[in-house]
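Fold and geometry: a report
Listed below are the residues making up each chain.
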Amino acid sequence: MRYLPLTDTDRSAMLDVIGAPDIDALFADVPEHARLSGPIEGLPMHASEMAVEKHMRRLSKKNLAAADAAFFLGAGAYRHHVPASVDHIIQRGEFLTAYTPYQPEIAQGTLQMLFEFQTQVARLYGCAVANASMYDGSTACWEAVAMAGRVARGKKRKVVLSGALHPHYAEVVKTMAKFTEDEIAGAPPSLTAKPDDDGLIARIDDETSCVVVQYPDILGRLPDLAKIAAAAHDKGALLIAVNTEPVALGAVTSPGELGADIVVGEGQAIGVGLQFGGPYLGLFAVRDEKHVRMMPGRLCGETVDAGGKRGFVLTLSTREQHIRREKATSNICTNSGLCALAFSVHMTLLGEKGLRRLAMENHRLACLAADRLAKVPGVKVLNESFFNEFTVLLDGDARMIVRDLTKRDILAGVSLGRLFPGNEGLANGLLVAVTETTTEEDIETLASALEEVLA
Amino acid sequence: MSTPNQSGWKPGTPVEGHNAMSGPDTATGNRALMLEEPLLFEIGHVGTTGVDLPEPQGGTNRLGGFERSEEIGLPGLSEPETVRHYTRLSRQNYAIDLGLFPLGSCTMKHNPRLNEKIARMPGFADVHPLQPVDSVRGALEVINELAFWLIDLTGMHGVAMSPKAGAHGELCGILCIRAALEARGDAREVILVPESAHGTNPATAAFAGYKVEDIPATPEGRVDLEALKARLGPDVAGVMITNPNTCGLFERDMKAISDAVHAAGGFVYCDGANFNAIVGKVRPGDLGVDAMHINLHKTFSTPHGGGGPGSGPVVLSEALAPYGPLPFTARDADGVVHLVEEENAAEFEHTRAFGRMTAFHGQMGMFTRALAYILSHGADGLKQVAEDAVLNANYVLRSLEDVLDAPFGPSGPCMHEALFSDKGFAEGLSTLDLAKAMIDEGYHPMTMYFPLVVHGAMLVEPTETESKAALDQFIMALRSVAERAKAGDESLRTAPHYAPRRRLDETQAARKPVLAWNDPDMA
């Protein structure tokens, strides 16, 4: 077996040193009834690289890759061009096969990268401090809600969710809250050209620990975060802003600058790729340094070594499970280190200039697509504002139309029926995302196909 | 012909009195291949980019009046500078690719590169999680096939694939237990956890709203069955047990523990962090386990990546499987694999799910790698994995127990990790000093001060992907350092001497946290 270096000669020499007659003697503590007599049933014997690759390639071919379609999906996962050097760097063994940097003297590569990543995320979000990453956007969102509960010291239990929060994120929050006794006030999204900020503000009361608002929201619209922040702060509640498309922040003002107290999101769009939903990259930041010790997850900080040189370490670990055990701020241990590296490398390649250009190119193409689709009979563009994703209302069940178009290698978008099953009022809604990878030809392909199926 | 290497020196042998680091100071602070690297913020510029993108054309936008006017402060680098920056940083990291990485309970084994290649196939890497299911049947088959083998290897009834890492999996398992208890109207308040458990166990139980109490241990490092039985009662929701445990020992009484917990109406959670020791040899389902997470980044070799991503599927017993979270995959009678979500759960008779733990469907990129790993090894290879992992650990244990105290050594063989204590070290020298000296010898240190039940614990997990020659070299190095610790060699206190950094001041880092770069000119 190619991954196992020991030979039979080695094994018997080692058993001699140990003083055991055979390998079974080393499993003596495993009771007879628990030991399998032979290899596990059902599973075939070992296979060559070629055989395994062939099997996996056959499975991969059963999927329609985005590159082989006219592709318009978003809703929390976006397809962007990732420069070739990003994948090269994350495959360097020193990054790929390292462990969590608990021995800082021989992990400065990972630690300095994390310090740079934290700074990039903090600046992108308009915050003071970002952590070294969470699992993904949805779990980061829940951790933010849990943190708001800690800030409120358990005195306020009501969590107000915007109706236009990604439904999977809302489901994660609701699932976790069942076990922490937080009261979750959700609402279905309404199909309006502008987000209903006033309706949301009206739901904030003195019992509210936090308000959770997505920016841009699930329908692609841009809520007035500054206004919501002021209203939340008025009632002593925190504003949690959720961003699922970080490229947008190259074009619009960051949530932190608009007054959000905790900013969380999905970082996948930069550097990570689609990967059928994971692994992704949870981003987590706080606007005010005073909240740092309430944060979940790992933090990397600057210090000096015994020789006076600058260096980096994981710090404030007295918040974490391996020190605090049942009193920890979160049970998170493993995070998304390698995805954080991919994000950081891609962001370094972009720089501010590149990020802004990327954002404006996304927006330009999205405007083009919205204008073209608006000309299709039976298609209405809902949004007054958007970045690179907008909602269209179709004369027909959007979910069925998406399925139809898939047969023509057009992945037309994410239907609201898929995101909000059972909500009949949303059934004709379709989210259309457009990025720099979308060509004008793709837009024309989608528009013409819609013209045909809606005719 | 002249003989080129008359001293007979070869790599891996010591050279008396030779200190590679002695010599004059350099103007740059670099030392040949040991290269210093500034922060991105010290070398990059907001006006520099390494990506060619069109200049914005201006004109109107539809950003709703929220367009950004202020600078963000994100420096960029050209592509050559970027590649160099990260390559230079990478060389300050230790990694499995560089040498033995004996971190106990972390299972730092070789990461097969075939799996990297497979995860990057466009049909896996370039598909969106919300594509119509007809366009991603192959991806769903990967999830389903991996799920099938995980159930087979553990002898369990079902598996929740979506948890993102071990601790997330623990939470999933405990939430299943809570949901099952609530379904029978049985509110229980306490989860019992051994003192030797990983910190995530009590943190998870507390997060799920339970009170955490200790399970007593026997002097030989296992759960005290009689004491556990005495504590069980109508208030105990379940126990969390790591098996093999964090002392590197198999819990011989596991079945009896499970039977006792079940008789008292509770459930058994098993932390599967150490599954590598028994994979293909023992099925946790045969021991009465109700839920166990599997760290795909440990046993099934998906790369640790400097701290993630992980993946923590949770195998479930028949009693808990109905409560597993959404989504999951299911194969129908015709062999077609379906994605089961909130809307079609009833069709698949899964109406009692406790909810959803994450957006989308889990760590697909880890699933492809883990499936490739399982198929590569097969039934015979996985059994060999467990046997070689255990053989390697016992070889380390018996080769060093004359020089390092092995508190549970006399009671029999260990499983996949060897546990030592600091007993016998000279006054004033600690496990930390020994660990840092191992860095100078070219190794990542073992797990230190864990489990908490052993004084100055050192937990060594070599894994099955180390050759005998690599183990012999490691044993020689650890023996040498242990002898220096016992002899009171003061130079250990200031180790490491040859790493990119000396010991770092962690107290200062925590007292005045600097968690982001602040431009000194702006301060």
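The following refers to the structure shown. (Residues numbered from 1 in each chain as written. Chains lettered and ligands numbered in written order. Predicted model: local features only at pLDDT ≥ 70, side-chain atom pairs only at ≥ 80, totals over all residues. Heavy atoms only, no water.)

Below, the discussion takes up the overall build of chain A. When its secondary structure is counted, chain A shows 15 helices and 15 strands. Relative to the 2.2 N^0.38 estimate, which gives 23 Å for 455 residues, the radius of gyration of chain A is 25 Å and therefore close to what a compact globule would have. Expressed along its principal axes, the backbone C-alpha trace of chain A runs to roughly 80 × 50 × 50 Å. Relative to its 455 residues, chain A shows a buried fraction of 67%. Looking at chain A alone, contacts between residues at least 24 apart form 72% of all its contacts between residues at least 6 apart. With an accessible surface of roughly 14,500 Å², chain A has 50% of that area assigned to carbon and sulfur atoms. Between the centroid of the 46 positive side chains of chain A and the centroid of its 57 negative side chains there is a distance of 2 Å. (Helix = DSSP H or I, 4+ residues; strand = E, 2+ residues; numbered from the N terminus. Rg over C-alpha atoms; globule rule 2.2 N^0.38 Å. Buried < 20%, exposed > 50% of the residue type's maximum accessible area, 1.4 Å probe, protein only. Contact = heavy atoms within 4.5 Å. Areas by Shrake-Rupley, 256 points an atom, 1.4 Å probe, with all protein chains shown as cover. Lys, Arg positive; Asp, Glu negative; His and termini not counted. Charge placed at Lys NZ, Arg CZ, Asp CG, Glu CD.)

Here the focus is the interface of chain A and chain B. At the interface, 194 residues of chain A touch 207 residues of chain B. For the pairing of chain A and chain B, the buried interface totals around 17,300 Å² over both sides, and the portion due to carbon and sulfur atoms is 63%. Between the two partners, chain A and chain B, sit 17 salt bridges. Ionic pairing is found between Arg68(B) and Glu257(A), a salt bridge with its closest N-O pair at 2.5 Å. At the surface where chain A touches chain B, the tally comes to 95 residue pairs in polar contact (both at pLDDT 80 or more). (Buried area = accessible area lost by both parts, 1.4 Å probe. Salt bridge = Lys/Arg side-chain N within 4 Å of Asp/Glu carboxyl O. Polar contact = N/O pair within 3.5 Å; in protein donor to acceptor, adjacent residues only side chain to side chain.)

Residue and element names in this part refer to chain A. Where helix H7 (residues 137-151) meets helix H8 (residues 167-180), the closest approach of the two axes is 9 Å, and the angle between their N-to-C directions is 40 degrees. Taken together, the axes of H7 and H8 lie oblique to each other. For the pair H7 and H8, the crossing hand works out as right-handed. Between H7, through Gly137, Ser138, Cys141, Trp142 and Val145, and H8, the contact on the second element is made entirely by Tyr169, Val172, Val173, Met176, Ala177 and Thr180. (Axes fitted to C-alpha atoms, helices over the stretch in contact; angles between N-to-C directions. Parallel < 35°, antiparallel > 145°, perpendicular 65-115°, else oblique. Left-handed = near helix turned anticlockwise from the far one by under 90°.)

The next point concerns helix H10 (residues 364-400) of chain B. Residue and element names in this part refer to chain B. An ideal rise of 1.5 Å per residue puts 54 Å on 37 residues; H10 reaches only 41 Å between its terminal C-alpha atoms. Residue Gly378 marks the point of greatest curvature in H10, where the axis turns by about 95 degrees. Extensive coverage of H10 is indicated by the burial of 34 of its 37 residues. (Expected span 1.5 Å × (residues − 1). Bend = angle between axes of the 7 residues up to and from the residue.)

All names here are of chain A. Residues of helix H10 (residues 225-234) that are buried: Leu225, Ile228, Ala229, Ala231 and Ala232. Buried residues along H10 cover an arc of 165 degrees about the axis, so they all sit on one side. Following H10 by one or two positions, Gly236 has its phi on the positive side, about 70 degrees. (Arc of directions from axis to C-beta.)

According to the stated counting rule, one finds 11 aromatic pairs over all chains in the structure shown. Ring plane angle 85 degrees and centroid distance 6.3 Å describe the contact between Tyr215(A) and Phe66(B), whose orientation is recorded as edge-to-face. Note that Tyr215(A) is positioned in the loop between strand E5 (208-214) and H10 and Phe66(B) in the loop between helix H1 (40-43) and helix H2 (79-90), a pairing that runs across two chains. A single burial state applies to Tyr215(A) and to Phe66(B), both of which are buried. Ring geometry for Phe148(B) and Trp149(B): centres 5.0 Å apart, planes at 80 degrees, overall edge-to-face. Assessed through its relative accessible area of 51%, Phe148(B) is described here as exposed. Judged by its relative accessible area of 10%, Trp149(B) falls in the buried class. Taking the ring centre of Tyr210(B) as reference, the NZ or CZ of Arg178(B) above it sits at 6.0 Å. The residue whose ring lies beneath Lys281(B) is Phe27(A), and the NZ or CZ to ring-centre distance is 4.4 Å. (Phe/Tyr/Trp six-rings, centres within 6.5 Å; stacked < 30°, edge-to-face > 60°. Lys NZ or Arg CZ within 6 Å of the ring centre and 35° of its normal.)

Here we take up the sheet that holds strand E6 (residues 291-293) of chain B. Think of a sheet as strands paired side by side through backbone hydrogen bonds, with each pair either parallel or antiparallel. Residues and elements named next belong to chain B. With mixed pairing, seven strands are arranged side by side in an open sheet as E1-E7-E6-E5-E4-E2-E3. In this open sheet, the two edge strands, each paired with only one partner strand, are strand E1 (158-160) and strand E3 (211-215). Between one strand axis and the next, the sheet turns by 25 degrees as a mean value, whatever way the strands run. Pairing between strand E4 (residues 236-242) and strand E5 (residues 267-271): five bridges, direction parallel. For Val239, the partnering residue across the bridge sits in E5 and is Val268. Across the face of the sheet, helix H9 (residues 254-263) comes into contact with E4 and E5 while running at roughly 145 degrees to E5. (Pairing = 2+ DSSP bridges.)

A word on the side chain of Asn144(B). All names here are of chain B. As for its placement among the helices and strands, Asn144 is situated in helix H5 (residues 137-154). On the accessibility criterion, Asn144 (11% relative accessible area) is buried. With sequence-adjacent residues up to four places away left out, Asn144 is seen in contact with Thr329, Ala330, Arg331 and Val337.

The subject of this paragraph is the nonpolar core. If you look at the biggest cluster of nonpolar residues, it comprises 170 residues, and the most contacted ones within it are Val212(A), Ile240(A) and Phe284(A). In this structure, Ile241(B), Ala260(B), Phe425(B) and Tyr443(B) belong to the second largest nonpolar core, which totals 126 residues. (Core = buried A, V, L, I, M, F, W, Y, C linked by side-chain atoms within 4.5 Å.)

Our focus in this paragraph is the pairing of strand E15 (residues 429-433) of chain A. Residues and elements named next belong to chain A. Of all five residues that make up E15, five are buried, and the element is covered over most of its length. Residues Gly429, Leu431 and Ala433 of E15 are buried on one face, and the alternating residues Leu430 and Val432, pointing to the opposite face, are buried as well. Sheet topology places strand E12 (residues 389-394) next to E15; five bridges connect them, and they run antiparallel. Looking at E15, one finds that Thr391 is bridged to Leu431. Bridging between strand E14 (residues 414-415) and E15 involves two bridges; their strand directions are antiparallel. Looking at the pairing, Val414 lines up with Leu431 of E15.

Turning to the pattern of salt bridges, a few remarks are in order. Should the charged atoms of two oppositely charged side chains come close, the side chains can pair. Taken as a whole and assessed by the stated rule, the structure comprises 65 salt bridges over all chains. As a salt-bridge pair, Arg319(A) and Glu320(A) come within 3.8 Å of each other at their nearest N and O atoms. The exposure class of Glu320(A) is buried, given its relative accessible area of 5%. Connected via shared salt-bridge partners are Asp24(A), Lys281(B), Lys383(B) and Glu387(B).

The next thing to look at is the sheet that holds strand E10 (residues 418-420) of chain B. Residue and element names in this part refer to chain B. Strand order across the open sheet formed by three strands is E10-E12-E11, with antiparallel pairing between neighbours. At either end of the open sheet lies a strand with only one pairing partner, and these are E10 and strand E11 (447-448). For E10 and strand E12 (residues 458-460), the ladder comprises three bridges, and the chain directions are antiparallel. Of the residues in E12, the one forming a bridge with Phe420 is Met458.

The next point concerns the side chain of His128(B). Position of His128(B) relative to the elements: it lies in the loop between helix H4 (122-125) and H5. Assessed through its relative accessible area of 0%, His128(B) is described here as buried. There is a polar contact of 2.9 Å between the side chain of His128(B) and the backbone nitrogen of Leu130(B). In contact with His128(B), not counting residues within four places along its chain, are Phe71(A), Leu73(A), Gly74(A), Ala77(A), Leu274(A), Phe276(A), Val414(A) and Val136(B).

Distances and angles like these do not, on their own, reveal function.
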